[in-house]
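This is what each chain is made of:
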Amino acid sequence: MQLEMREGRVSKPRPDLSVIPIREAQPILSAWIRPRIPLKLIHTHEKISDADLLALAILRYLHKMPYFSRWWHFLKVEVRFVLPSLTQAHVRLKRLLPVLETLLNEVESLDFALIDSEPIPVCRFKRAKHCKFPQASFGFTTQGMIYGFKLHAWALPNGRIVRYLIRPAHEHDLKTSCAVRR
């Protein structure tokens, strides 16, 4: 369990949803998602609400199930959820993708974060003029000149990555750190 700091006081610990049973984790996650879904996406005639569907899709990643079809079958047979068909779930999740992206990009309030950049070379430096990779550029890092990109990441002291950006190699770290803050 993690303790969350908000304005100098400690809030309720958040449970680790990957270790509690799916039947208990799904309502917790669904209650957190429900107020963040726009009203125009909510349909009352569906077997399962959009918040519940997103919660189950996120739980799939927490439980490290690689295939959506296997996860859906597992939920129907083993956990005995009343779910829509696999095709309907795919269509609805595709429609909910912008909501999922905004949920995953929400940054928690941080007291302390580490910012670092890592070069991502596309090709060897002497072959760079023949490389046709879009948006790659020449840049300077602590390791010398590279051709490619830089990964800029914010991490907590425990090592968990909070946010990251991949930018062309010529962009300076200070300029990119301002973009990561947004």
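Structure: see above.
Residues numbered from 1 in each chain as written. Predicted model: local features only at pLDDT ≥ 70, side-chain atom pairs only at ≥ 80, totals over all residues. Heavy atoms only, no water.

K.L.:
Which residues make up the overall build of the chain, and what are the values?
P.N.:
Along the chain, the regular secondary structure elements total six helices and six strands. Sequence-ordered secondary structure for the chain, helices as α and strands as β, is β-β-α-α-α-α-α-β-β-β-β-α. Within the chain, buried positions represent 34% of all 182 residues. Contacts spanning at least 24 positions in sequence make up 50% of the contacts within the chain whose residues lie at least 6 apart. If you sum the accessible surface of the chain, you get close to 12800 Å²; carbon and sulfur atoms cover 58% of it. (Helix = DSSP H or I, 4+ residues; strand = E, 2+ residues; numbered from the N terminus. Buried < 20%, exposed > 50% of the residue type's maximum accessible area, 1.4 Å probe, protein only. Contact = heavy atoms within 4.5 Å. Areas by Shrake-Rupley, 256 points an atom, 1.4 Å probe, with all protein chains shown as cover.)

K.L.:
Provide a residue-level description of the pattern of salt bridges, including the pertinent values.
P.N.:
The full count for this structure, using the stated rule, is four salt bridges. With a closest N to O distance of 3.5 Å, Asp 52 and Arg 34 form a salt bridge. In this pair, Asp 52 sits in helix 2 (residues 50-62) while Arg 34 sits in the loop between helix 1 (22-33) and helix 2, placing the two residues 18 residues apart along the sequence. (Salt bridge = Lys/Arg side-chain N within 4 Å of Asp/Glu carboxyl O.)

K.L.:
I'd like to hear about the packing of helix 2 against helix 3 (residues 68-77), residue by residue, with values.
P.N.:
Between helix 2 and helix 3, the shortest axis-to-axis distance is 11 Å and the interhelical angle comes to 115°. For the crossing formed where helix 2 meets helix 3, the hand is right-handed. Between helix 2 and helix 3, the residues in contact are Leu 53, Leu 56, Leu 59 and Arg 60 and Phe 68, Trp 71, Trp 72 and Leu 75, respectively. Considered class by class, the residues forming the contact of helix 2 with helix 3 number seven nonpolar, no polar and one charged. (Axes fitted to C-alpha atoms, helices over the stretch in contact; angles between N-to-C directions. Left-handed = near helix turned anticlockwise from the far one by under 90°. Nonpolar A, V, L, I, M, F, W, Y, C, P; charged D, E, K, R; others polar.)

K.L.:
Requested: an account of the pairing of strand 5 (residues 144-155), with residues and values cited.
P.N.:
Within strand 5, ten of the twelve residues are buried, which leaves it mostly tucked inside the rest of the structure. Two elements, strand 3 (residues 114-121) and strand 5, share eight bridges in a ladder whose sense is antiparallel. When the sheet's bridge partners are listed, Pro 121 is paired in strand 5 with Gly 148. Taken together, the five bridges between strand 4 (residues 137-141) and strand 5 define a ladder with antiparallel strand orientation. Counterpart to Gly 139 in the pairing with strand 5 is Ile 146. Here strand 4 folds back onto strand 5 in antiparallel fashion, the turn holding two residues. (Pairing = 2+ DSSP bridges.)

K.L.:
Please set out the nonpolar core residue by residue, giving values where relevant.
P.N.:
If you look at the biggest cluster of nonpolar residues, it comprises 28 residues, and the most contacted ones within it are Ile 33, Leu 54, Leu 56, Leu 59, Trp 72 and Leu 75. Looking at this core, the elements that each hand over two or more residues are helix 1, helix 2, helix 3, helix 4 (86-95) and helix 5 (97-104). Looking at this core element by element, the count peaks at eight residues for helix 2. Beyond its immediate stretch of four places on either side in the chain, Trp 72 contacts Leu 53, Leu 83, Pro 84, Ser 85, Leu 86 and Ala 89. Ala 128, Cys 131, Ala 136 and Tyr 147 belong to the second largest nonpolar core, which has five residues in total. (Core = buried A, V, L, I, M, F, W, Y, C linked by side-chain atoms within 4.5 Å.)

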